[in-house]
Protein chains: 2
Amino acid sequence: MFFLKDLPSEDMIAGVTVNVPEVSSPRVLSVLTKLRAASVLLRDVEAYLRGHGLSQTQFLALMMIMREPERSSLSAVEIAARLDVSKPVLSKALASLADKGLIAPAASQPADRRQKQLSLTPEGEQRFADVLPGYFSILHDADL
Amino acid sequence: MFFLKDLPSEDMIAGVTVNVPEVSSPRVLSVLTKLRAASVLLRDVEAYLRGHGLSQTQFLALMMIMREPERSSLSAVEIAARLDVSKPVLSKALASLADKGLIAPAASQPADRRQKQLSLTPEGEQRFADVLPGYFSILHDADL
DNA sequence: TCCATATGGTTAGCATGGTAACCATATGGC
DNA sequence: GCCATATGGTTACCATGCTAACCATATGGA
């Protein structure tokens, strides 16, 4: 996260990067401004999801399974690849979702016994449906 | 953090928000795209700072003390207010900076004995000077 | 003066993120 | 067929973020 309320002035950036000619201070300031807006938005989204009993990663994992067009289940590595999150983090998020009864092993499991295919339970689908419109609504109204 | 590699399609967003007329799917997709770019940038910045022995918050705390125009020290609450971070988080970040010898209690302390004014040590100033140009350089080159 | 209240700072406990290391199962070259 | 290697998943451990609760010191009104 990046929560600098008072961004550095253009002068300060320029002063520090005199010897770094490829850096332009208005450009850096613009990036910092967007970075702050994105961080604030992320904080808001996390608060909203937490209010519905989900972390960001848990919610996104549900989304990845839901939106798979041809299938109704995915394995952990497949989800991790789509989310760009490390394996252990996803492992914990999925365990938490299973504890809450929102996902469960899929009916048909692959031959490779190392993998577990995971599907949403009816409760999982309901929760996802409840949360998604508000999620998009927050994004829509974001200052970004 | 927000690390969704495959963003939802406009059609999916539109389908889910049929009953939420104030949400436009191109708008949501644009926000998601920027959110992802910002998250990736934050991850890169954190990796860069970690390579120099600093967390994001530690680095920003140094910046806040350094750029104070009239003074060379700040108290913890003053820093927390400028960073928009909770008190305990800053408390730990400052303790870590002190452990590393990068900050120290300022020479002149206020009458109010609850506060501690904090200044950068010469090592702290050196570290900050070493890190700052590269920091701005990463921001300059960001895809945001 | 004295006590209720506010403020600066830390500690405790929890959730989430990461890397490294570890099992269990597959797979491919010999 | 068998062992080295790769892959799916989990566990262990650490850093960082949060809230709630806790000290210590200030402050203001009865």
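Quick caveat: nothing in here was measured; it's all calculated off a predicted structure.

Another aspect to go through is the sheet that holds strand β1 (residues 74–75) of chain A. Residues and elements named next belong to chain A. The 3 strands are arranged β1-β3-β2 in an open sheet whose pairing can be described as antiparallel. Because the sheet does not close on itself, it has two edges, and the strands there are β1 and β2 (103–105). The pairing of β2 with strand β3 (residues 117–120) spans 3 bridges and is classified as antiparallel. Within the sheet, the bridge partner assigned to proline 105 lies in β3 and is leucine 118. Helix-sheet contacts for helix α3 (residues 56–66) involve β1, β2 and β3, and the interaxial angle to β3 is about 95 degrees.

Turning to the environment of aspartate 6 of chain B, a few remarks are in order. Structurally, the position occupied by aspartate 6 of chain B is in the segment before α1 (10–16). Given the relative accessible area of 36%, aspartate 6 of chain B is considered partly exposed. Counting along the chain gives 67 residues from aspartate 6 of chain B to serine 73 of chain B, while the straight-line C-alpha distance between them is 45 Å. Non-local contacts of aspartate 6 of chain B, meaning those with residues more than four positions away in its chain, are made with Met64, Arg67 and Arg82 of chain A.

Before going further, it helps to spend a moment on the interface of chain A and chain B. In this complex, chain A contributes 50 residues to the contact, which on the side of chain B involves 50 residues. Summed over both sides, the interface of chain A with chain B buries roughly 4,300 Å², with 67% coming from carbon and sulfur. Three residues stand out in chain A for area buried against chain B, namely Asp84, Phe136 and His140 of chain A, and they jointly supply 15% of the buried area on that side. Applying the counting criterion to the chain A and chain B interface returns 4 salt bridges.

Tallied over the full model, the rule gives 6 aromatic pairs over all chains. Aromatic side chains phenylalanine 59 of chain A and tyrosine 135 of chain A sit 4.5 Å apart centroid to centroid with 55 degrees between the ring planes, which places their arrangement in the tilted category. With phenylalanine 59 of chain A in helix α3 and tyrosine 135 of chain A in helix α6 (residues 122–140), this pair connects stretches of sequence that are 76 residues apart. Look at phenylalanine 59 of chain A and you get buried, because its relative accessible area is 0%. On the basis of relative accessible area, tyrosine 135 of chain A is assigned to the buried category, the value being 1%. Positioned above the aromatic ring of phenylalanine 3 of chain B is the side chain of arginine 43 of chain B, whose terminal nitrogen or guanidinium carbon lies 3.8 Å from the ring centre.

In this section: the relation of the copies chain A and chain B. Here two copies of a chain appear, and what relates them is a rotation about an axis with a shift along it. Of the transformation superimposing chain A on chain B, the axial component is 0.0 Å and the angular component is 180 degrees, with the fit at an RMSD of 0.0 Å. In short, the pair behaves as if placed about a two-fold rotation axis. For chain A, the smallest separation between a C-alpha atom and the rotation axis is recorded for alanine 38 of chain A, amounting to 3.2 Å. Mapped onto chain B, 100% of the interface residues of chain A again fall at the interface, so both copies present the same surface.

Turning next to the packing of helix α2 (residues 25–51) of chain A against helix α2 (residues 25–51) of chain B. Contact pair α2 of chain A / α2 of chain B: the axes reach a minimum separation of 9 Å and the direction vectors enclose 105 degrees. On the basis of the axis angle, α2 of chain A is roughly perpendicular to α2 of chain B. Residues Val31, Leu35, Ala38, Ser39, Leu41 and Leu42 of chain A of α2 of chain A pack against Val31, Leu35, Ala38, Ser39, Leu41 and Leu42 of chain B of α2 of chain B. Within the contact of α2 of chain A with α2 of chain B, the residues separate by chemical class into 10 nonpolar, 2 polar and no charged.

What counts and how
Residues numbered from 1 in each chain as written. Chains lettered and ligands numbered in written order. Predicted model: local features only at pLDDT ≥ 70, side-chain atom pairs only at ≥ 80, totals over all residues. Heavy atoms only, no water. Pairing = 2+ DSSP bridges. Helix = DSSP H or I, 4+ residues; strand = E, 2+ residues; numbered from the N terminus. Contact = heavy atoms within 4.5 Å. Axes fitted to C-alpha atoms, helices over the stretch in contact; angles between N-to-C directions. Buried < 20%, exposed > 50% of the residue type's maximum accessible area, 1.4 Å probe, protein only. Buried area = accessible area lost by both parts, 1.4 Å probe. Salt bridge = Lys/Arg side-chain N within 4 Å of Asp/Glu carboxyl O. Phe/Tyr/Trp six-rings, centres within 6.5 Å; stacked < 30°, edge-to-face > 60°. Lys NZ or Arg CZ within 6 Å of the ring centre and 35° of its normal. Least-squares fit on C-alpha atoms with pLDDT ≥ 70 in both. Parallel < 35°, antiparallel > 145°, perpendicular 65-115°, else oblique. Nonpolar A, V, L, I, M, F, W, Y, C, P; charged D, E, K, R; others polar.

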